[in-house]
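A structural walkthrough
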Amino acid sequence: PIWHEQQRRMYSRFQPVNEVQNKVAHFVRKNNICNASAMHIRRTDLDFHPHVAGSQNHSIDADFVAFVDSRPIDEHVFLMTDNPSTQLKFLRKYGSNKILVYSLIPFAASVSSRKNSVYRFTTLHHAIVDVLVAAHAPSFRGTFFSSMSNLVEIFSNVYDKSACRILKKKTLKKIRE
């Protein structure tokens, strides 16, 4: 089998712990992510990667602004990012009624960091919740050459989206009543 098929088979076996599943399901239902868009903006280290720096495929903020602007006015956009400045930039530009985030990234962390290659502004727990929430969105805009964006795309095809099915059942029930 080709690598894409092997990856899909491998990730289809992924089963997050109950705590993570519950947080994802709660956020998805509360914010109607099944009818939202999502985007991943990687910024802390990818700009210096040899395959990305100077590439014509390099994802710039203007690409993501255009993505948000292309969405219907009443549609939420879930933002996953590894950079508190980027998160703040999009929240200021569009507000929290348009841009949804799982959790605010502490800005103080980025100021005190020397940005070495092993430093993260978010926890791994935050990162996996972000990935699984974004995988519920029917429309996704990722960052070029980002493994996190690739994970969202993979999980959108293999992850159990029961939170969406539950939402659809409740919506149908309300429509019928």
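Everything in this summary refers to the structure shown in the same document. (Residues numbered from 1 in each chain as written. Predicted model: local features only at pLDDT ≥ 70, side-chain atom pairs only at ≥ 80, totals over all residues. Heavy atoms only, no water.)

1. Quick notes on the side chain of Asp 130
Position of Asp 130 among the secondary structure elements: in helix H6 (residues 124-134). Sequence-distant contacts of Asp 130, defined by excluding residues within four places in its chain, comprise Phe 78, Met 80, Thr 81 and Tyr 102. (Helix = DSSP H or I, 4+ residues; strand = E, 2+ residues; numbered from the N terminus. Contact = heavy atoms within 4.5 Å.)

2. Observations regarding the pairing of strand E2 (residues 77-81)
Within E2, five of the five residues are buried, which leaves the element mostly enclosed by the surrounding structure. Neither face of E2 is open: one carries Val 77, Leu 79 and Thr 81, the other Phe 78 and Met 80, and all of them are buried. In the sheet, strand E1 (residues 37-41) pairs with E2 via five bridges, with the strands oriented parallel. Across the sheet, Met 39 pairs through a bridge with Leu 79, a residue of E2. Bridge count between E2 and strand E3 (residues 99-100): two bridges; the pairing is parallel. Note that in E3 the partner of Phe 78 across the bridge is Leu 100. With helix H4 (residues 84-94) bridging E2 and the parallel E3, this β-α-β connection has right-handed handedness. (Buried < 20%, exposed > 50% of the residue type's maximum accessible area, 1.4 Å probe, protein only. Pairing = 2+ DSSP bridges. Right-handed = clockwise from strand over helix to strand, strands pointing away.)

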